[in-house]
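The primary structure of each chain is shown beneath.
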Amino acid sequence: MKKVKETPLMAQYNAIKSQHPDAILLFRVGDFYETFGKDAIKASEVLGITLTARNNGSSKIELAGFPHHSMPTYLPKLVQSGLRVAVCDQLEKPSKLKKIVKRGVTEVVTPGVTLNETILDYKKNNFLAAIHKQSHQRFGLSLLDISTGEFYVTEGQVSYIDNLMQSYQPAEVIYQRGLKKEIESLWADSFYMYPLDDWIFQDTYCYEKLTEHFQVNSLKGYGIDESKACYVAAGAALHYLGTTENKNLQHIRSISRLEADQFVWMDKFTIRNLELLFSNHPSGVSLLDVIDRTITAMGGRLLKKWLVNPLKSIDAINERLDIVRFLSDQTPMREDLTTHFSQIGDLERLITKVPMGKINPREVKHLHHSLQTCGLVKSMFAKSKNDLLMQQAELLDPCDPLIEKIQTTLLDEVSVKTDRGQLIRDGFNDEVDELRRLIKNSKDVLLEVQMKEIEKTGIDNLKVGFNNVFGYYFEVTNKHKDKGLVPDHWVRKQTLTNAERYISQDLKDLETKILQAEERIVILEQQLFMDLVFEINSYIANIQQNAACLAKLDCLNGFAQLVIDRHYCRPYINDSTEISIKAGRHPVIETQLSASESYIPNDIYLSNDDQQIIMITGPNMSGKSAILRQTALICLLAQIGCFVPATEAKIGWVDKIFTRVGASDNISSGESTFMVEMNETASILNNMTDRSLILLDEIGRGTSTFDGISIAWAIGEFLHNNDKARPKTLFATHYHELNLLENLFDRIKNFHVSTREFNQKIIFLRKLERGGKAHSFGIHVARLAGMPSQVLQRASEILQQLEQAKMDETLGGSIEKKLSTVEAPVQLTMFGAQRDPILDAIKEAFLELDINRMTPLECMQKLDELQRLFTEGEA
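We now turn to the structure provided with this report.

1. Re the overall build of the protein chain
So, step 1. A count of helices and strands for the protein chain gives 31 helices and 27 strands.
So, step 2. Of all 875 residues assigned to the protein chain, the portion counted as buried reaches 50%.
So, step 3. A fraction of 68% describes how many contacts in the protein chain between residues 6 or more apart in sequence connect residues 24 or more apart.
So, step 4. In the form shown here, the protein chain has an accessible surface area of approximately 43,000 Å², with 51% of it arising from carbon and sulfur atoms.

2. Overview of helix α17 (residues 430-440)
Counting along an α-helix, one turn takes 3.6 residues, and residues three or four places apart therefore face a common direction.
So, step 1. Every buried residue of α17 is accounted for by Val 432, Leu 435, Arg 436 and Leu 438. Taken around the axis of α17, the buried residues stretch over an arc of 160°, which confines them to a single face. Exposed positions of α17 whose direction lies more than 90 degrees from the buried face are Asp 430 and Lys 440.
So, step 2. Buried positions along α17 lie against α18 (442-457) and α20 (505-536).

3. Some remarks on the pattern of salt bridges
So, step 1. On inspection of all chains with the given rule, the structure shows 38 salt bridges.
So, step 2. For Asp 197, the salt bridge goes to Arg 177, with nearest N and O atoms at 3.3 Å. Of the two residues, Asp 197 is situated in the loop between β11 (193-196) and α6 (203-214) and Arg 177 in the loop between β10 (172-176) and α5 (180-187); the sequence distance between them amounts to 20 residues.
So, step 3. In this structure, Glu 535 and Lys 405 form a salt bridge, with 3.8 Å as the shortest nitrogen-oxygen distance. Pair noted here: Glu 535 is in helix α20 and Lys 405 is in helix α16 (residues 400-409), with a separation of 130 residues, a long-range link.

4. Details of the packing of helix α14 (residues 361-382) against α16
So, step 1. Following both chains from N to C, one finds α14 and α16 inclined at 140°, their axes separated by 10 Å at the closest point. Regarding the angle of α14 to α16, the classification is oblique. Crossing of α14 over α16 shows left-handed handedness. Note on element contacts: α16 touches α14 through Leu 402, Ile 403, Ile 406 and Gln 407, opposite Val 364, Lys 365, His 368, Leu 371 and Gln 372.
So, step 2. In the contact of α14 with α16, the residues fall into five nonpolar, three polar and one charged.

5. Quick notes on the packing of aromatic side chains
So, step 1. Applying the stated criterion across every chain yields a total of 18 aromatic pairs.
So, step 2. Judged by centre distance (6.2 Å) and plane angle (25°), the rings of Tyr 160 and Trp 265 are stacked. One end of the pair, Tyr 160, is in helix α4 (residues 158-168); the other, Trp 265, is in strand β13 (residues 265-266), with 105 residues separating them in the sequence.
So, step 3. Since its relative accessible area comes to 11%, Tyr 160 is described here as buried.
So, step 4. Between Phe 214 and Tyr 222, the ring centres sit 5.0 Å apart and the planes meet at 40°, which makes this aromatic pair tilted. Comparing Phe 214 with Tyr 222 shows no difference in burial state: the two are buried.

6. Looking at a nonpolar patch on the surface
So, step 1. A cluster of nonpolar residues, Phe 846, Met 860 and Leu 863, forms a patch on the protein surface that exposes about 330 Å² of accessible area.
So, step 2. Within the secondary structure, Phe 846 sits in helix α30 (residues 837-847).

7. Let's talk about the nonpolar core
Inside soluble globular proteins, nonpolar side chains tend to come together where they are buried.
So, step 1. In this structure, Leu 276, Leu 287, Ile 291, Ile 536, Ile 543, Leu 550 and Phe 559 are the most contacted members of the largest nonpolar core, which totals 130 residues.
So, step 2. Dropping the residues within four chain positions of it, Phe 559 is found in contact with Ile 291, Leu 303, Trp 306, Val 324, Ile 640, Gly 641 and Cys 642.

8. Points about the pairing of strand β23 (residues 656-660)
So, step 1. Taken across its five residues, β23 has five buried, putting it largely inside the fold.
So, step 2. Along β23, one buried face is formed by Lys 656, Phe 658 and Arg 660 and the opposite face, lined by Ile 657 and Thr 659, is buried too.
So, step 3. Where β13 lies against β23, two bridges are found, and the strand directions are parallel. Residue Trp 265 lies in a different strand from β23, and its bridge partner there is Lys 656.

Cut-offs used in this document
- Residues numbered from 1 in each chain as written.
- Predicted model: local features only at pLDDT ≥ 70, side-chain atom pairs only at ≥ 80, totals over all residues.
- Heavy atoms only, no water.
- Helix = DSSP H or I, 4+ residues; strand = E, 2+ residues; numbered from the N terminus.
- Buried < 20%, exposed > 50% of the residue type's maximum accessible area, 1.4 Å probe, protein only.
- Contact = heavy atoms within 4.5 Å.
- Areas by Shrake-Rupley, 256 points an atom, 1.4 Å probe, with all protein chains shown as cover.
- Arc of directions from axis to C-beta.
- Salt bridge = Lys/Arg side-chain N within 4 Å of Asp/Glu carboxyl O.
- Axes fitted to C-alpha atoms, helices over the stretch in contact; angles between N-to-C directions.
- Parallel < 35°, antiparallel > 145°, perpendicular 65-115°, else oblique.
- Left-handed = near helix turned anticlockwise from the far one by under 90°.
- Nonpolar A, V, L, I, M, F, W, Y, C, P; charged D, E, K, R; others polar.
- Phe/Tyr/Trp six-rings, centres within 6.5 Å; stacked < 30°, edge-to-face > 60°.
- Patch = residues over 30% accessible without salt bridge, like charges linked within 9 Å, V, L, I, M, F, W, Y side chains within 5 Å.
- Core = buried A, V, L, I, M, F, W, Y, C linked by side-chain atoms within 4.5 Å.
- Pairing = 2+ DSSP bridges.

Structure below.
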């Protein structure tokens, strides 16, 4: 087979592409980034750009590209579609002496490794996860955000790792290629996965990778020296960053171990069901949406971590609550703090760009302004006379020497790019000042030289001129030339009829300065700017500490604003095993009501000793699920240090929150709705403790009635009688038979959500009251949903007949026998009918009338409508 001849350009491209075979290679050619072959086909599809072809020697190859200045538009689209992108730039200026420009990959951008602001969500971390399987049941997990420097590790069983994955939502997951099938079966449906070679996950290599990076002899100081699962996952993550051309990682200064016992346990079902971070509905609202009053990007990211990691330490919780209380009482301080936060940039991500050399002049000025504002916050807290805020003031370092350095180095207004000049302040560098003077006053400078030379030589009509052949020159008329006044070191360059032209070394030096001043000043200012960036490197630790402190204060200041806006109260966290909430409200639902509606608050009391399980019955849409969820959300808000929507809340801290609500399936794994329900419930029963809070909503509804009742009954018994724990439980159900449990078990209490019937309509009072309820009003809810009237009428008939059969003791408990008593509906036939659908429709319309609210005219119009309905039916 004849070998295809490559052009020099394509030979260079193919060599670079071979180093990044699984990435889209953006190849810089002049003013364009080009893609070739399969990359071009894929890029054209994702970006919607034109696909063309070009000759590569004797063959054709697909081609698609875009202007280099459009990179901020197209790069995010490629990465957000789940593609890896290698950016190949020209490393030198084009030259006529070289056939081809030197090129190389300057950056590899992946979903989990990027500093590109158009890709990153400013209030969301962009974690790269690395998973290592240490043993059959033991996994290691590292979470690294290169854009902020955060680095976490942990280890545990797959359920724990999965829970953290769902909480932290990594943008990319790397793992050992040899475990591809197993790892991807667990997480490929939810995350972008990328395998690495097996050798990368060797414990010795990963240990050395970490100790080398942190410049330590061992990992004991980080608490992972004996944990292979942790340090192998972390080492693999650092290795991966190196493969993406990210070498300078000084901003990753530490590694923190996530300890499961520090935070409230919530499995992925609970995080989903409580809609903490995202709503399960496209137009829905999450808890985060409602409580997020943060101003800074750092605060927004921290709040998300707080929401999925509520505290268990009473002291730590109360410290947050004390600050919230103080700020909510100090309106001027809270308002000033809000103003200051609005002027603080994303310090975490700004300082990350410094060691990587990717910060631009405008961002340095933003850093400068943010540090100045940090100083104002420090001063405010230092004068607050509040011990906790004064402690925070001690942690803040405005970095005054750095502020002064930036102020004296950079102009007040600078451009984003460094190749346009106008960066360095006048008076900072003598050479810059001289070059600017040359550029601005070149004519005056030449005149000054001319006057000096006249004075030195005595040639009173000496002129300084310029031409394109030999540049600047001295012109001496023949009259003065013959007098011997021309200095010996001048070199004659041109003879004219009446004069001679000369050059001197000093004049040539000045010429070089003037002609190259603009180019030289750009190069010099770039060097001075990079010197400044290098100096900022020494402040990384201080600025990261400032960012962490300000993020915390931003969250707490937002909580204080909620107190004012939503009338939240301070929760009291204690060591008891009781939860007592007075007039509790759902924090999300109450914000979604119209101006004419008000949320109906409810009291909740749970205790391991006397009211461990509340069995809640009541009709559909009455608010049972809202009461369940609001109880969990109030406990959660309290344990992240936020005030709560209630008039009083006394909460014995909880260590786990479990929920089993809603109906969903997992068809891809062969799991039905009922199987998913049973899996989630089994997880709850196997992991509950004395301090757990459990929400169960409609357990057993996915199977037959008797099966469902039996399972729900057995679960209720187990929660009460097991020897393991007495978890506080809210159990909402339509199985009214479960009300009998109160008679058998002393810590199970019946409650219901009240309703009122008025004019054959149901009014939901949404109030939790003592005692069970034996009516679900399902047909009423079906009517509200717009169910056809024939279906509603027939359902009412069947229900009435079943209720009559229920009272017939001769039928026993068999549902089949009771259903056998239901009469078939009478059909309209040509031989006669006992039932007229027109009459049924008129009856239905009459029943829906609210006569007390109708005007006389509306009554007449309704009668006319019904009369026409009857006459048209007869016709």
